Amino acid sequence: MKRQIPLFKVHMPKSVLKPLGKILLSGYISEGEKSHEFEKKFQEYIGNPNVALVNSGTSALSLAYRLAGFGPGDEVISTPMTCLATNEPIMLTGAKIIWADIDKTTGNIDPPSVEKRITPRTKAIVVVHWAGNPVDLKSISKIAKKHNLKVIEDAAHAFGTKYDGKYIGNHSDYVCFSFQAIKHLTTVDGGAVAVKTPEEYRRAILLRWYGNARSSTSDPIKWSGDVMEPGYKMHMNDVNGTIGIEQLKYMPKIVAKYQKNASYLLEHLRGIKEIALPKTTPGGKSSFWLFTIKLPDENYRAEFSKALRERGIGNGIVHTRNDNYSLFKTWRRDDLLGVDDFCSRMLNIPCGWWLTRKDLDYIVAGVKAAVREATLRT
Ligand SMILES: Cc1ncc(COP(=O)(O)O)c(C=O)c1O
């Protein structure tokens, strides 16, 4: 039977079953001891004591935009080359999205393009670490400081990524993580927002549960603690928290495996003229959630993708540009040349923790065969 290599695979260690069974039958499964323990451990892992857990990456982004004070009349500079989760919550605040271009080699937002779009109404810059490769945060924070703007990092791809010697989660005003099913660290669904100060952390804790502190309800006859502003219901529960605690133990090895596989692919796919290999931003160490290659053009990509699929090698674009959706169409602009190039030529091939050396060799051989076939067919 033909080998089947998926583009994504859920990492769920068997060791999670025992603590999970225990919590499910414990009589208490909502936010509590386990989610708080996971929050503490996650903070320690990242090296930032001000990280609030929530129930998804999308919630983390929505909460960050609320904390940053987005609202009608504001302009927010963002990248269209991402998941809808980055941009729809901006729209829901009433702020206007201004699309910046991306670096066509990395897929990350292009700092000079950001600077060009700043107006007196600009409130913030939203960046996405495509594939886990960090954005040029030095340039972005320099622009933000100069114009007094907030920076929000969508780090859904970038758990375990380092920049300037520190884990992502320590550099900007708000950093949003996703623990969705196929991420390095999954709690089935979940997320986190890292902030800069204890005050903002406390506000995040309130906003994630109706503007009230859940711990203030432990007294059976009174709810202490005032509610000063309306919040959401986006806290993480103890079931997801239990999975998170267990997952975190495996993360050093899991992230290292993605990185090792990426090094192997980089070495063995070097020199193929039809393929542009991923590049890491100076000062960064990518977590390689995706291994994004670029092909000569869109038709070539279609043939190449088909040839890989015929060999059982999973592949895909994962996200497409957001500015083509009708929802955003009125804000479309025609000077996004980096987005045009990257979006029509990039493709992701497997790189994750599940690959054996044999799988990697099979992928290398498959890629070379797919290049031959795509070259003949286009
Ligand atoms: C770049 C990016 N941002 C945000 C999200 C949303 O995360 P979640 O699915 O946890 O809400 C995703 C999800 O895949 C993503 O890829």
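In this text, all values refer to a predicted model and were calculated from it rather than measured experimentally. (Residues numbered from 1 in each chain as written. Predicted model: local features only at pLDDT ≥ 70, side-chain atom pairs only at ≥ 80, totals over all residues. Heavy atoms only, no water.)

**Describing the site of the ligand**
Neighbouring the ligand are 16 residues, the closest being G57, T58, D154, S178 and K183. Here G57 contributes a backbone N or O atom positioned 2.8 Å from an oxygen atom of the ligand. Between the ligand and H319, the relevant distance is 3.0 Å, taken from an oxygen atom to a side-chain nitrogen or oxygen of the residue. A total of 390 Å² of accessible area belongs to the ligand in isolation, and the protein chains cover 89% of it. Among the secondary structure elements, those contributing two or more residues to the shell around the ligand are helix 3 (57–67) and helix 4 (84–92). Ranked by the residues each element gives to the shell around the ligand, the list is headed by helix 3, at 3 residues. Residues belonging to the shell around the ligand are distributed by class as follows: 4 nonpolar, 10 polar and 2 charged. (Near = heavy atom within 4 Å. Polar contact = N/O pair within 3.5 Å; in protein donor to acceptor, adjacent residues only side chain to side chain. Areas by Shrake-Rupley, 256 points an atom, 1.4 Å probe, with all protein chains shown as cover. Helix = DSSP H or I, 4+ residues; strand = E, 2+ residues; numbered from the N terminus. Nonpolar A, V, L, I, M, F, W, Y, C, P; charged D, E, K, R; others polar.)

**Considering the packing of aromatic side chains**
Per the stated rule, a full pass over the model turns up 15 aromatic pairs. Here a set of aromatic residues connected by ring pairs shows up, and it is made of F38, F42, Y45, F159, Y167, F177 and F179. Of note, R3 hangs over the ring of Y362, and the distance from its end group to the ring centre comes to 5.4 Å. For the cation-ring pair, K162 lies above Y167, with the distance from its terminal atom to the ring centre recorded as 4.8 Å. (Phe/Tyr/Trp six-rings, centres within 6.5 Å; stacked < 30°, edge-to-face > 60°. Lys NZ or Arg CZ within 6 Å of the ring centre and 35° of its normal.)

**As for the sheet that holds strand 7 (residues 166–167)**
Taken in spatial order, the 3 strands line up as 7-6-10 in an open sheet, and their pairing is antiparallel. Lying at the two open borders of the sheet, with one neighbouring strand each, are strand 7 and strand 10 (284–285). Pairing of strand 6 (residues 162–163) with strand 10 involves 2 bridges; the strand directions are antiparallel. Bridging from a neighbouring strand, Y163 pairs with G284 of strand 10. (Pairing = 2+ DSSP bridges.)

**Concerning the sheet that holds strand 3 (residues 96–99)**
Taken in spatial order, the 7 strands make up an open sheet running 1-9-8-5-4-2-3, and their pairing is mixed. Looking at strand neighbours, the two that pair on one side only are strand 1 (51–54) and strand 3, the edges of this open sheet. The average undirected angle you get between the axes of adjacent strands in this sheet is 20°. For strand 1 and strand 9 (residues 191–194), the ladder comprises 4 bridges, and the chain directions are antiparallel. Bridge pairing in strand 9 links L53 to A192. (Axes fitted to C-alpha atoms, helices over the stretch in contact; angles between N-to-C directions.)

**A short note on the nonpolar core**
Membership of the largest hydrophobic core comes to 109 residues, with the highest contact counts inside it found for F42, I152, F159, F177, F291 and F304. For this core, the element with the highest residue contribution is helix 8 (residues 238–268), accounting for 9 residues. There are two domains that each give this core at least three residues, and those are domain 1 (14–247) and domain 2 (251–377). (Core = buried A, V, L, I, M, F, W, Y, C linked by side-chain atoms within 4.5 Å. Buried < 20%, exposed > 50% of the residue type's maximum accessible area, 1.4 Å probe, protein only. Domains from an automatic or database assignment.)

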